[in-house]
Amino acid sequence: MPTRILPAVGDADAVRSVTTLLSQLPDAEPVSPVVDSTQLVDTLARLAAESVDELPEVVVVHERIGPVPALELIREVALRFPAVGVILVTSDASPGLFQAAMDYGARGLVALPLSYEELASRVQAVAQWSVGVRRHLGAGKDVFTGVGGTVVTVSGAKGGVGATLTAIQLALAAQASGRATALVDMDLQTGDIASYLDVQFRRSVVDLAAITDISPRVLADAVYRHDTGLALLLAPAEGERGEDVTDRAARQIVSALRSRYEVVVVDCGAQIGGAGAAAVEMADRALLVTTPDVVAVRGAKRAVRMWDRLQIRKAEETTVVVNRYTRNTEIQPPLIQKITGTAVAATAIPAHFKELQGVVDAGRIHELENKSTVKQALWGLAGELGLVKASEGAHRAGRFRGGDRGSVSFRRRREG
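First things first, this report covers the structure right here in the doc. Each chain has its residues counted from 1, running along the sequence as written. Confidence filtering applies because this is a predicted model: local features only for residues at pLDDT of at least 70, side-chain atom pairs given and counted only at 80 or more, and all residues used for totals across whole chains, interfaces and linings. The side-chain quantities take in all heavy atoms of the structure and omit both hydrogens and water.

**Considering unusual backbone geometry**
Cis geometry marks the peptide bond from G66 to P67, where omega comes out at 0°. When you line up the elements, P67 lands in the loop between β3 (58–62) and α3 (70–80). With an omega of -5°, the peptide bond running from L112 to P113 counts as cis. Here a strand is any run of E in DSSP of at least two residues, a helix any run of H or I of at least four, and the numbering for each starts at the N terminus. Note that P113 resides in the loop between β5 (108–111) and α5 (116–136). A positive phi angle is found at D27, which is not glycine, with a value near 60°. By the element assignment, D27 lies in the loop between α1 (12–24) and β2 (28–30). Positive phi, close to 60°, is recorded for Q311, a residue that is not glycine. Within the secondary structure, Q311 is located in the loop between α11 (294–309) and β12 (318–322).

**Quick look at the sheet that holds β2**
Paired strands are those between which DSSP finds at least two bridges. Across the sheet, five strands lie side by side as β2-β1-β3-β4-β5; this open sheet has parallel pairing. Two strands in the sheet have a free side with no partner beyond their single neighbour: β2 and β5. Averaged over all adjacent pairs, the angle separating strand axes in this sheet is 25°, with direction ignored. Across four bridges, strand β4 (residues 85–90) lies against β5 in parallel orientation. By the bridge assignment, T90 is partnered in β5 with A111. In this description, a line fitted to the C-alpha atoms serves as the axis of each element, helices being fitted only across the stretch in contact, and the angle between N-to-C directions of two axes falls anywhere from 0 to 180 degrees.

**Section: empty space enclosed by the protein**
With a 1 Å grid spanning the protein atoms alone, the term cavity applies to any set of points in which a 1.4 Å probe fits but cannot get out, the term pocket to an open set with protein on both sides within 12 Å along at least five of seven lines, and the term lining residue to any residue with an atom within 4 Å of a point. Grid points are joined across faces, edges and corners, and a volume is the space filled by probe spheres set on the points. Here the structure, examined in full by the defined rule, presents one cavity of 30 Å³ or more. Considering the residues around the largest cavity, the lining is formed by E72, R75, E76, R251, Q252 and S255. Charged residues are taken to be Asp, Glu, Lys and Arg, nonpolar residues to be Ala, Val, Leu, Ile, Met, Phe, Trp, Tyr, Cys and Pro, and polar residues to be all remaining types, Gly included. In terms of residue class, the lining of the largest cavity is built from no nonpolar, two polar and four charged.

**Notes on the packing of α3 against helix α9 (residues 247–258)**
Axis separation between α3 and α9 bottoms out at 10 Å; the angle between their running directions is 5°. Between α3 and α9, the angle falls in the class roughly parallel. Here E72, R75, E76, L79 and R80 of α3 lie close against α9, whose contacting residues are R248, R251, Q252, S255, A256 and R258. Our angle categories are set so that under 35 degrees counts as roughly parallel, over 145 as roughly antiparallel, 65 to 115 as roughly perpendicular, and the remainder as oblique. Residue contacts are counted whenever heavy atoms from the two residues lie within 4.5 Å of one another.

**A look at the side chain of T90**
By the element assignment, T90 lies in strand β4. Relative accessible area decides the class of each residue, using a 1.4 Å probe on protein chains only: under 20% of the type maximum gives buried, over 50% gives exposed, and in between gives partly exposed. Since its relative accessible area comes to 2%, T90 is described here as buried. Each residue touching T90, except ones within four places of it in the same chain, is listed here: E63, L97, L109, V110, A111 and L112.

**Observations concerning the environment of T246**
Checked against the element boundaries, T246 lands in the loop between β9 (231–233) and α9. For T246, a relative accessible area of 37% translates into the label partly exposed. When the C-alpha positions of T246 and Q376 are compared, they lie 36 Å apart, and in sequence the two are 130 residues distant.

**A short note on the nonpolar core**
Residue types Ala, Val, Leu, Ile, Met, Phe, Trp, Tyr and Cys, when buried and joined through side-chain atoms within 4.5 Å, form a set referred to as a nonpolar core. In this structure, M186, L219, L233, V245, L257, Y261 and V266 are the most contacted members of the largest nonpolar core, which totals 50 residues. If sequence neighbours within four positions are ignored, M186 has contacts with V245, A250, V254, V266, D267, C268, A275 and G276. Residues L170, L183, V321 and L368 belong to the second largest nonpolar core, which totals 42 residues.

**With respect to the packing of α3 against helix α4 (residues 95–104)**
To characterise two packed helices, one gives the angle between the axes of the helices and the distance between these axes. The geometry of α3 relative to α4 is characterised by a closest axis approach of 8 Å and an angle of 30° between their N-to-C directions. As the angle between them shows, α3 and α4 are arranged roughly parallel. On the side of α3, the interface is formed by L71, E72, I74, R75 and A78, while α4 contributes L97, A100, A101 and Y104. Here the residues of the contact of α3 with α4 are counted per class, giving seven nonpolar, no polar and two charged.

Have a look at this one:
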């Protein structure tokens, strides 16, 4: 049986040398290389969604892959696709890096410049390991496919546009529909999820920042279990401690949550630092909440352009959610879509703050009534994003659907 090998190499010259050698290996079946970390994870997720048997046995990661560093990428692949063996190609073959690569989940290391014998030996050993894992798991039948949970980030175009409220209600909708859901407050200095849900807590996301191997038990100790069933990972009470959560730590935390929960909703706030940027980059869906006014829409456009410049996320991979929408506002969703260059959610959230004021002031946003048009719209948005099990979610939310009284939908023509 041929060994399927997926090269992940960002450098054009390195792509040629790696693919040339791989094509010469006996019983090797190299597939088209991917050029960055996002493309690699997306490709593996797409294949895993079909079957674990569709995944390549071996992934070869070059040290200069980006934008996610090679070791961090290896960790994510190892966590999400445990039946795939990863080989790191690097110019540093020191014992220290070898040990680090093994700790991050690599199954082998090959030194540059590449030699045919070393590469062939490593690929053969890793392929045998991968085949053995799949055989042990039952040839991919009724096993975790490695796709992991769905990660959705919610960011604000500016402060006060409703990103936290949106994140909380999306998580509540997913949990109510029967999906195990985690809600993460990655607004590290000014996070308010604990205040909105009337939570007194001791542990926060900072407690996981220095841990290199987040086991299920360690994760469970840091998570607060809310009365609604939500697993909460909260921002620190002391905002200055948020600096301890680096982009590397954020990737590890999100990966650990993704492996344990069906849905992970991350509130990134309006000011995104390294940790929030890492979460947005890893997300399956990145939402950007704005209100239909000039200042907020300009903020959304500025955020989208910054994400693109920093290679965090492309505009077309971002979805704008319009909050506090009214039909007579001058700035309508199609105009926002044109200005930002993003997709815009078909469900807009109506402007009815009076429905929210009582539960917001009481810190009991989870007790918002089902008849609330704002709640109906937000839970309808959760359905649009595929976060809820439609039959159960619709029943528990008072039969919400996009287009019901609480939500505002509009038709648009997508280009391309």
